[in-house]
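These are the residues of each chain, in order.
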Amino acid sequence: MTSPTPLIAGNWKMNGVAASLIEAQGVAAGLGETKARVAICPPATLVERAAAALKASPVLVGGQDCRAEASGAFTGDVAAEMLADAGARLVILGHSERRAGYGESDAVVAAKVEAALRAGLEPIVCVGETLEERKAEKALEVVTGQVRGSLPAALAGQAFSVAYEPVWAIGTGLTPTTAEIEEVHVAIRAALVELFGDHGKSAAILYGGSVKPSNAAEILHAREVGGALVGGASLKAEDFLGIIGAL
Ligand code: PEP
């Protein structure tokens, strides 16, 4: 079994208007030889325009969330099918800002993963412990529990990735030590193999949380780290390219 192809995905969160697509185009223009698959996940309003702007480039476009249902009376929500129709190829699910801010349980995330698969989108499923959980030495238990609860059996044989994002490292400038990252990634890999057998070895396990050009090389070369999910540093092409170039 060959190692998973690395994925470096930018999560723009609720940032960006049409003019911001210049940064996405800058990533496409500056992307040299890389072993990574590269994706940009802009707000839903920009997915279609980003997909059009990046059509001729290898940079993929993803959504940041989707509803589990395909259609219906869910004001303000976006279905996986709508993201796919707009040109998305991937979708971030279970981000801690959704788990904490919208009360998304593992079961809700698992249902969204099934929706993504139904629509032909590749899910990036986020997991991660809070600072309190880490201090209580529960990080491994929490994270592997989220992996088991958020990844439905339907992922067997499908392309997907898991992003380990310690909640306390997101947008804070703090990062775990390399040894801490490796410990969690190794535990996630074991849980994936337990769930999916050999197929569990083909999913990339991304690290996310305050990745920037200056720390990217060390993080990206850590054991079982198969790429990165990047928030703030994905908003500027130069920074995002610096991270991609560190692989
Ligand atoms: C994220 O929100 O997915 C993230 C990793 O954010 P940041 O890189 O800004 O910490």
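Residues numbered from 1 in each chain as written. Predicted model: local features only at pLDDT ≥ 70, side-chain atom pairs only at ≥ 80, totals over all residues. Heavy atoms only, no water.

(A) Quick look at the pairing of strand β4 (residues 90–93). Residue alternation in β4 divides its side chains into two sets, Leu 90 and Ile 92 and Val 91 and Leu 93, and both sets are buried. In this structure, strand β3 (residues 60–63) lies alongside β4, joined through two bridges in parallel fashion. Note on β4: the bridge partner recorded for Gly 63 is Val 91. In this fold, the crossover linking β3 to β4 by way of helix α3 (residues 80–86) has right-handed handedness. (Buried < 20%, exposed > 50% of the residue type's maximum accessible area, 1.4 Å probe, protein only. Helix = DSSP H or I, 4+ residues; strand = E, 2+ residues; numbered from the N terminus. Pairing = 2+ DSSP bridges. Right-handed = clockwise from strand over helix to strand, strands pointing away.)

(B) How the structure looks around the side chain of Ser 150. Its location among the elements puts Ser 150 in helix α7 (residues 139–150). Judged by its relative accessible area of 0%, Ser 150 is buried. Within polar-contact distance, the side chain of Ser 150 engages the side chain of Asp 106 at 3.1 Å. With near-sequence residues (within four places) excluded, Ser 150 lies in contact with Arg 99, Asp 106, Val 109, Ala 110, Val 113 and Val 125. (Polar contact = N/O pair within 3.5 Å; in protein donor to acceptor, adjacent residues only side chain to side chain. Contact = heavy atoms within 4.5 Å.)

(C) Fine view of the packing of aromatic side chains. The final tally for this structure, using the stated rule, is two aromatic pairs. Aromatic pair Tyr 164 and Tyr 207: ring centres 6.2 Å apart, planes at 65 degrees, arrangement edge-to-face. Remark: Tyr 207 occurs in strand β7 (residues 204–208) and Tyr 164 occurs in strand β6 (residues 161–164); sequence separation between them is 43 residues. The lysine or arginine in question, Arg 98, covers the ring of Tyr 102, its NZ or CZ lying 3.9 Å from the ring centre. (Phe/Tyr/Trp six-rings, centres within 6.5 Å; stacked < 30°, edge-to-face > 60°. Lys NZ or Arg CZ within 6 Å of the ring centre and 35° of its normal.)

(D) How the structure looks around the packing of helix α5 (residues 106–118) against α7. With their axes 8 Å apart at the nearest point, α5 and α7 run at an angle of 45 degrees to one another. Classified by the angle between their axes, α5 and α7 sit oblique to one another. Between α5 and α7, the contacting residues are Asp 106, Ala 107, Val 109, Ala 110 and Val 113 on the first element and Gly 145, Gln 146, Gly 149 and Ser 150 on the second. Tallied by class, the residues present in the contact of α5 with α7 amount to four nonpolar, four polar and one charged. (Axes fitted to C-alpha atoms, helices over the stretch in contact; angles between N-to-C directions. Parallel < 35°, antiparallel > 145°, perpendicular 65-115°, else oblique. Nonpolar A, V, L, I, M, F, W, Y, C, P; charged D, E, K, R; others polar.)

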